[in-house]
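# Descriptive analysis of the structure
The chain contents come next:
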Protein chains: 2
Amino acid sequence: MTTEVKQSTRERLLEAAATLTYRDGVIIGVDTLCKAAGVSKRSLYQLFESKDELLAASLEERSAAFVATLLPAADDSRSPHERILHVFDQLEEQAGAPDFQGCRYLAAQIELKDQNHPASRVAHRVKANLTAFFRAEAEQGGASDPDLLARQLILVFDGASARAGIGADRLTGLITPTVATLLDAAGMH
Amino acid sequence: MTTEVKQSTRERLLEAAATLTYRDGVIIGVDTLCKAAGVSKRSLYQLFESKDELLAASLEERSAAFVATLLPAADDSRSPHERILHVFDQLEEQAGAPDFQGCRYLAAQIELKDQNHPASRVAHRVKANLTAFFRAEAEQGGASDPDLLARQLILVFDGASARAGIGADRLTGLITPTVATLLDAAGMH
DNA sequence: GGCCTCGTAAACCGATCGGTTTTCATTTCG
DNA sequence: CGAAATGAAAACCGATCGGTTTACGAGGCC
C-alpha cells in the first residue's frame with residue numbers, strides 16, 4: 001500500500017474544498033477553506049491561481065473516484081443491461097447516506113451559472129464521460145437508438161440525484177423500475 | 001383588463017428579486033436588488049422581515065403563474081395521457097428560450113441547501129403540487145401504480161429542467177419519447 | 001399653514017468577501 | 001554551520017455582505 005499518512009498542503013486544500021463546497025456550496029470563503037485545511041492563504045495562492053481554480057482542481061481530483069465508484073469494474077462480465085443498472089444501484093446506495101446532498105458536479109454547475117467557469121467546465125466533462133459510458137453500453141447492448149437512450153439515462157441520473165439531494169425523494173423503489181422501463185423500451189437485451 | 005400600469009413598491013421588489021435571483025442565484029445582494037427595483041432598503045425592510053423572506057415571497061408570488069403555464073386549462077377535455085404530455089411540451093418550449101436557466105424552484109433548493117429556509121419550503125410546496133397533479137392524472141388514467149408514475153414524472157421534470165438549464169441538453173426529441181415510454185409502461189390509456 | 005406619513009438617498013454598522021503582503025519560525029540541504 | 005526555501009500567522013487592501021438609522025423631500029389631510 002502506498003497510502004500517504006501525511007497529506008501535502010495541496011492535498012489538504014483539495015480535500016477541504018471538496019468537503020466544504022459540497023456541504024455549503026461554492027459560496028464558501030477562502031478564509032474558511034484555509035482554516036479547515038490548516039493552510040495559510042499565502043500557500044493557497046502559491047499553489048492555485050485563484051479560488052475558482054482551486055474549486056475546479058478539487059472537482060477534477062474527485063472525478064476519477066466518482067466514475068470509479070459508479071461504473072462496474074473493468075473486468076465485469078455482465079451484460080450491458082446489467083452494467084447500466086449497476087450505475088443506478090450505486091447511485092441509490094449513495095443517496096441513502098445521511099449526508100448525501102446530490103451530485104456535486106450538477107450542484108456546481110447550477111450554483112455557478114456561468115458555464116465558462118473552470119469548475120463548470122470540469123463538471124461538464126465528467127458528465128460527458130458518464131454519458132459516453134451509457135452510450136457505449138447502449139450500443140453494445142443493441143439499443144434501437146443508443147444516443148437517445150444515453151440522454152435518457154443521464155437525465156434520470158441527474159434528476160434522481162438532484163431530488164434525493166434536496167430531500168424530495170428517497171429513491172427507494174423508483175430508480176430501478178424507471179431505468180428498466182427505459183432499457184426495455186429501447187430493446188436492450 | 002385590470003392590468004396595473006403602476007407597480008407598487010412591493011411589486012417592484014418582488015419582480016426584481018424574481019428576475020435577479022433567477023439570473024444570478026440567491027447570492028445576489030440586497031443593495032443590487034433595491035437598486036434594480038428603484039426602492040430604498042428602508043422600504044424593503046418595512047415590507048419584509050429579511051432578505052430570506054423576500055426571496056420566499058418572490059417564489060411564492062410566481063407559483064400560481066408557474067403551474068398555470070404548465071398545467072392544461074381547467075376546461076381541457078383531453079385524456080390524462082395527453083394532459084400529462086402537455087406539461088412536458090410546455091417545459092420543452094420554455095427550455096428553448098435563450099435565457100432559460102432551469103426551474104427556479106429546483107435551483108433555489110440546491111443553492112440554499114438548508115431545507116428549512118423559507119424559500120426552500122415554498123419551492124418544496126410548489127413541486128409537491130405538481131407531483132399531486134401527476135398522481136391525480138395517473139389515477140384517473142388507470143395507471144397501474146399512480147404513486148410510482150408520479151414520482152417518475154417529477155423526476156424527469158426536474159432532471160430535464162436541470163440539464164436544459166445548465167446547457168447540457170436542448171431536450172429536443174428527448175422528453176416526449178421518455179414520458180410516453182413511462183406512461184405506456186404504467187398502462188396509461 | 002401646520003402636521004403627519006411615505007419613501008428615497010445615503011451614511012453607517014460590524015462582518016466577511018477574494019486576494020496580497022509582511023513577518024517570523026521551521027525545515028532542508030550544501 | 002550557514003544559506004535558502006517553505007509555510008503558518010496575521011495584518012492589510014478595497015469591496016461587498018445583510019441590516020439599521022438618519023436626514024430630507026414630496027405628497028395628503030385637517
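Keep in mind it's a predicted model, so treat the numbers as computed, not measured.

## A word on the UniProt feature "domain: HTH tetR-type" (unreviewed entry) in chain A
- UniProt records the feature "domain: HTH tetR-type" (unreviewed entry) at residues 7-66 of chain A, using the numbering of this structure.
- Structurally, residues 7-66 of chain A comprises 78% helix and 0% strand, and the distance from its first C-alpha atom to its last is 20 Å.

## Examining the nonpolar core
- Ranked by internal contacts, the top residues of the largest apolar core, which has 100 residues, are Phe 88 and Phe 134 of chain A together with Phe 88 and Phe 134 of chain B.
- With residues up to four places along the chain from it excluded, the contact list for Phe 88 of chain B reads Phe 134, Leu 153, Val 156, Phe 157, Ile 175 and Val 179 of chain B.

## A word on the relation of the copies chain B and chain A
- Superposition of chain B onto chain A requires a rotation of 180 degrees combined with a translation of 0.0 Å along the rotation axis, giving an RMSD of 0.0 Å. With respect to symmetry, the two chain copies, as superposed, fit the operation of a two-fold axis. Taking C-alpha positions as reference, the residue of chain B nearest the rotation axis is Gly 159 of chain B, located at 1.8 Å.

## Description of the protein's contact with DNA strand D
- Surveying the vicinity of DNA strand D reveals 16 residues, the closest of which are Ser 43 of chain A together with Val 30, Lys 41, Tyr 45 and Lys 51 of chain B.
- Within 4 Å of the protein, the contacting atoms of DNA strand D are 46% sugar and phosphate, with bases supplying the remainder.
- One nitrogen or oxygen atom from the side chain of Lys 41 of chain B is found 2.2 Å from a base oxygen belonging to DNA strand D.
- Top element by residues in the surface near DNA strand D is helix H3 (residues 41-47) of chain B. It accounts for three residues.
- Residues that form the surface near DNA strand D fall into these classes: four nonpolar, six polar and six charged.

Parameters and conventions
- Residues numbered from 1 in each chain as written.
- Chains lettered and ligands numbered in written order.
- Predicted model: local features only at pLDDT ≥ 70, side-chain atom pairs only at ≥ 80, totals over all residues.
- Heavy atoms only, no water.
- UniProt positions renumbered as here; feature names shortened; annotations may be inferred.
- Helix = DSSP H or I, 4+ residues; strand = E, 2+ residues; numbered from the N terminus.
- Core = buried A, V, L, I, M, F, W, Y, C linked by side-chain atoms within 4.5 Å.
- Buried < 20%, exposed > 50% of the residue type's maximum accessible area, 1.4 Å probe, protein only.
- Contact = heavy atoms within 4.5 Å.
- Least-squares fit on C-alpha atoms with pLDDT ≥ 70 in both.
- Near = heavy atom within 4 Å.
- Polar contact = N/O pair within 3.5 Å; in protein donor to acceptor, adjacent residues only side chain to side chain.
- Nonpolar A, V, L, I, M, F, W, Y, C, P; charged D, E, K, R; others polar.

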